[in-house]
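Each chain is listed here by its residues.
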Amino acid sequence: MKLNKKQLIGIAIGLIGLIIPFFFHLEGLSDAGHVALGIFFLAAAYWMLEPFPIYATSVLVIFLQVILLSQQGFLFPESTAEYSPNNYTEFIGTLASPIIILFLGGFVLADAAVKYDLDRNLTRILLSPFGKKPGSILLGLMVVTALLSAFMSNTATTAMMMTVILPIMARISKTDPLRIGLALSIPFAANIGGITTPIGTPPNAVVIGALSQQGINIPFGEWMILATPLVVIALLFAWFLLLKMFKPEAASVEIDMSGKFNTSTNAILLYLAFGATVLFWVTESFHGVKSAIIALIPVVFLSLSGVITKEDIRKLPWEVLWLVAGGISLGISMKSTGLAEWIVGSIEWSAFGTIALLVVFASVSVLMSNFLSNTVTATLLIPLAVSLATSGIAGDGFNLIIVSLVIGVSASMAMMLPISTPPNAIAMSTGTIQTSNMAKAGISVGIFGIILVVIYALFYWPFILN
Amino acid sequence: MDRQIYILVVEDELEVMEALVNDLEQFEEFFPIESANSSEEAKQVVKDVYAAGNEIGLVLCDHVMPGQNGVDFLIELQANNAQHEAKKVLVTGQAGLEDTIQAINNAKLDYYIAKPWTKEQLEEVVTTQLTNYIMERKYNPMQYMMILDSVRLSEYMRTHKITDH
């Protein structure tokens, strides 16, 4: 392991952050709260500056909480008036929390879908009604990308769609702005599409994990009802924007999508498992079986039937699960030590109105996730929002579910820079687009996203939730 | 990018060397080109490149040269642990059947370009071989999408679980 200067500085800042709260007494904050604050500083520094991979920081966070804050840890073996320590199993249990199991189910399905080319074949079928006009092709590509990224990772969807659009781009004149529009349409649609379902992208998991700690369960279908109308509008806006900014010159575009569905027994078992699981997920509100329990169906069925093998299981993106679990775990001690409430209490919130608060949370979330991982952004912001809402400081209009959604959804609206999301980085790597192209379009989508999220938070979400 | 991946051209005739390097121009920005006039010089170049923490991604090698011939050089390169993953291409008009069999069996020859080559053919072979190299070494494909086979690199990303974070 070789560390460069930037990493060393990052490590030092994190350690200083961890130690500082031990030397100061903050009025109104419990001793355990000081420790939790130190861990929060360290986590924030390491997640933002990334001297270590973010998933490594996440397990570090779980570990530090176990040894410093749990009943079995060094510092607080006994309950006191101001802090009754969590059992260590609560911290490590986040690695198997319902939302993690839900994601595991999603990973297994997505993995098997790629293995048997379901994603590509669906793309082929779904694209065919969109014809040959550049405008409608662009819309078709974005709709299909969004739909797939609702169930698969945004990044894997982008990589797959690149194999579709690169041959198209090769046939278009090098000076045609349509090339830029195409290259941007895929990551934008993938980022936006991830909002659609709980398993679409990790920030959604952070929102759902935080809410379930508060005893609030959001069924799969209800999330989709909350999210889908927003996704549709954002997607149409992005399409319209790209079409206006990068006016196509070509009159028609050829897509060569030959191929046929895999009809091996394994592939058919996968299609059945995929269809059944999604159906049960979407209808959770009717049958009441929790989505995390349903998520076990594809895991059990596909591994029993040998559709996914030991090698496939080893290659699942486990680090994403660590990342989300670390964030959920951090939320546990921020709440139980009274830290979250203390942070919230130290700010004069009543100076803001509800609308102003929503705008602030949405804007901060979009801004932060343009530079940081979307999941890290949601993880760092959600505990504040949760305690703000549960403490009642911000007034009755400030609903816990709504503010969590605002943060989670806004985190996926960041697509200004190549570093904003992995899909953006892939699109950039093709060399078709300039950073300025991405920045201009991405800022427009980001600002539109903030406005859209706030409008939904004020009118549509309260209407659905009540 | 902390590690440079080199293209090594081994050719004794100056004009042929110049033509080859000229035709490889578009790769130079991503894959610096080193040239050697003989097998002996090539070995020194290989040694220097690896000593500096870099590596050879592709060797384009003539066969008939003064001193050690190209096939024997490639066999020796293949035997060396650190360097055996480099893609090996013979660019020659004079390798007989026996030599070619040797190269395939013992040097894991990846491609045979018969002189005279065309620029398009050379570019295609180099693109394919370097794309293979990047995927086999599991390097981040995004750095090479612009210059190599972007469709194959995208497909590689699709099947190799790069994810959101």
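Residues numbered from 1 in each chain as written. Chains lettered and ligands numbered in written order. Predicted model: local features only at pLDDT ≥ 70, side-chain atom pairs only at ≥ 80, totals over all residues. Heavy atoms only, no water.

**Here's the deal with the pairing of strand E1 (residues 5–10) of chain B**
For a regular strand, side chains alternate in direction, first toward one face of the sheet and then toward the other. All names here are of chain B. Rules: In this scheme, a residue with accessible area under 20% of its type's maximum is buried, one over 50% is exposed, and one in between is partly exposed, where area comes from a 1.4 Å probe on protein chains only. Put simply, DSSP H or I for four residues or longer makes a helix, DSSP E for two residues or longer makes a strand, and each gets a number counted from the N terminus. Any two strands are treated as partners once DSSP identifies two or more bridges connecting them.
Counting buried residues along E1, six of its six residues qualify, which places the element largely inside the surrounding structure. The two faces of E1 match: Ile5, Ile7 and Val9 on one face and Tyr6, Leu8 and Val10 on the other face are all buried. In this sheet, strand E3 (residues 55–61) lies alongside E1 in parallel orientation, the contact comprising six bridges. Note on E3: the bridge partner recorded for Ile5 is Glu55.

**Considering helix H3 (residues 70–79) of chain B**
Residue and element names in this part refer to chain B. Our working definition: The arc in question is formed by the directions pointing from the helix axis toward the C-beta atoms. Here, residues are in contact when the closest pair of their heavy atoms is within 4.5 Å. The definition of a polar contact used here is a pair of N or O atoms within 3.5 Å, where within protein one atom must be able to donate a hydrogen and the other to accept one, and adjacent residues in sequence count solely through side-chain atom pairs.
Within H3 the residues assigned to the buried category are Gly70, Val71, Phe73, Leu74, Leu77 and Gln78. Buried positions in H3, seen along its axis, are confined to an arc of 160 degrees and lie on one side of it. Next to the buried residues of H3 lie E1, helix H2 (39–51), E3, strand E4 (87–92) and helix H4 (97–107). One side-chain oxygen at the N-terminal end of H3 lies 3.2 Å from the backbone nitrogen of Val71; it belongs to Asn69.

**Notes on the pattern of salt bridges**
Rules: Any Lys or Arg side-chain nitrogen located within 4 Å of an Asp or Glu carboxyl oxygen qualifies as a salt bridge.
Under the definition given, this model contains 17 salt bridges over all chains. In this structure, Arg314(A) engages Glu311(A) in a salt bridge whose closest nitrogen and oxygen atoms are separated by 4.0 Å. Taken together, the residues Arg314(A) and Glu311(A), both in helix H15 (residues 310–314) and three residues apart, mark about one turn of the helix. The network of salt bridges with shared partners includes Asp117(A), Asp119(A), Arg120(A), Glu155(B) and Arg158(B).

**Concerning helix H6 (residues 118–127) of chain A**
What H6(A) keeps buried is the set Leu118(A), Asp119(A), Asn121(A), Thr123(A), Arg124(A) and Leu127(A). Buried residues belonging to H6(A) abut helix H5 (98–115), helix H7 (134–149), helix H8 (154–171) and helix H12 (265–282) of chain A together with helix H6 (150–159) of chain B.

**Section: unusual backbone geometry**
A cis amide bond links Lys115(B) with the next residue in sequence, Pro116(B), at an omega value of -5 degrees. Mapped onto the fold, Pro116(B) is located in the loop between strand E5 (111–114) and helix H5 (119–136). Within the chain, Asp117(A) stands out as a residue other than glycine whose phi angle is a positive 60 degrees. By the element assignment, Asp117(A) lies in the loop between H5 and H6. Despite not being glycine, Lys108(B) shows a phi value in the positive range, around 50 degrees. By secondary structure assignment, the location of Lys108(B) is in the loop between H4 and E5. Residue Lys108(B) is classed as exposed on the basis of its relative accessible area, which comes to 56%.

**Observations concerning the domain arrangement of chain A**
Put simply, the test is: Boundaries of every domain are those given by an automatic assignment or by a domain database.
Under the domain assignment, chain A is made up of domain 1 (1–87) and domain 2 (98–314). A separation of 37 Å is found between the C-alpha centroids of domain 1 of chain A and domain 2 of chain A.

**Describing the interface of chain A and chain B**
To be explicit about the condition: Accessible area that two parts lose when put together, evaluated with a 1.4 Å probe and summed over both, is termed the buried area.
Taken together, the contact between chain A and chain B spans 33 residues of the former and 15 residues of the latter. Counting each side, the surface lost to burial between chain A and chain B is near 2000 Å², with a carbon and sulfur contribution of 63%. In this structure, Asp117(A) engages Arg158(B) in a salt bridge whose closest nitrogen and oxygen atoms are separated by 2.6 Å. One can count five residue pairs in polar contact (both at pLDDT 80 or more) joining chain A with chain B. Those elements that place two or more of their residues in the side of chain A that touches chain B are H5, H6, H8, helix H16 (318–336), helix H19 (374–391) and helix H21 (422–429) of chain A.

**Notes on the side chain of Ser39(B)**
Residue and element names in this part refer to chain B. Position of Ser39 among the secondary structure elements: in helix H2. On the basis of relative accessibility, which here comes to 0%, the residue Ser39 falls in the buried class. Only 2.8 Å separates the side chain of Ser39 from the backbone oxygen of Gln68, close enough to count as a polar contact. Beyond its immediate chain neighbours, meaning those up to four positions away, Ser39 contacts Val10, Met65, Gln68, Asn69 and Phe73.

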